[in-house]
Amino acid sequence: MDAKKALNIVAGQCSKKEYCSFDILKKLQRWELEEKDIAAVMEFLVKNHFLDDTRFAEAYARDKHRFNRWGKLKIMQMLRQKRVPERIIERALSSLPNEESDATCLALLKQKNRGLKEEDPYKRKAKLFRFALSRGFDYETISQCIDQLQDD
């Protein structure tokens, strides 16, 4: 594939959906473009605002938190896998409201608690804890939500 065709394809994709630089870079490398062509395409995409890691990270964090109900730790881990810089990750995570995170964790734990058949309260609490950890919530938030769940 030549550089012009690759540029047209990835520019079209970036205009429809947010992508991070790492995803586009990998795609261009899979198409076996030369390094100078890859650099030129990436420069064009960034310069013309088709590609913006900050915009991607904020949209990704917001959508994963709202729709997939992920905690900040899981979102952070996934953004790191996409090679988004730490300062951008921190900015994206700070834009998420903490109160909404607590409410999301509590709602997930209530739903999970209803589905558990475990009678032993310690095993039940451990299962809830592991579940919330797998969703990316921190220990403090989980402890508060489990305490609140047990009070109700």
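Residues numbered from 1 in each chain as written. Predicted model: local features only at pLDDT ≥ 70, side-chain atom pairs only at ≥ 80, totals over all residues. Heavy atoms only, no water.

**Here's the deal with the overall build of the protein chain**
In step 1: From N to C terminus, the protein chain includes 9 helices and 0 strands.
In step 2: Reading the secondary structure of the protein chain in the N-to-C direction produces α-α-α-α-α-α-α-α-α.
In step 3: Its C-alpha radius of gyration of 20 Å places the protein chain more than 25% over the 15 Å reference for a compact globule of 152 residues.
In step 4: Each principal axis of the C-alpha atoms in the protein chain carries an extent, and together these give about 65 × 25 × 25 Å.
In step 5: Considering the protein chain as a whole, with its 152 residues, one finds that 36% of them fall into the buried category.
In step 6: Across the protein chain, contacts joining residues at least 24 apart in sequence account for 59% of those joining residues at least 6 apart.
In step 7: Summing over all exposed atoms, the protein chain offers an accessible surface of approximately 9,500 Å²; the carbon and sulfur share of this is 49%. (Helix = DSSP H or I, 4+ residues; strand = E, 2+ residues; numbered from the N terminus. Rg over C-alpha atoms; globule rule 2.2 N^0.38 Å. Buried < 20%, exposed > 50% of the residue type's maximum accessible area, 1.4 Å probe, protein only. Contact = heavy atoms within 4.5 Å. Areas by Shrake-Rupley, 256 points an atom, 1.4 Å probe, with all protein chains shown as cover.)

**Overview of unusual backbone geometry**
In step 1: Backbone geometry at His49 places phi at a positive 60 degrees, although glycine is not the residue there.
In step 2: Within the fold, His49 resides in the loop between α3 (35-47) and α4 (53-66).
In step 3: One non-glycine residue, Arg83, lies in positive phi territory at about 60 degrees.

**Brief notes about the UniProt feature "domain: RecX second three-helical" (unreviewed entry) in the protein chain**
In step 1: In this numbering, the UniProt entry assigns the feature "domain: RecX second three-helical" (unreviewed entry) to residues 52-93.
In step 2: Taken end to end, residues 52-93 is 76% helix and 0% strand, and its two terminal C-alpha atoms sit 16 Å from one another. (UniProt positions renumbered as here; feature names shortened; annotations may be inferred.)

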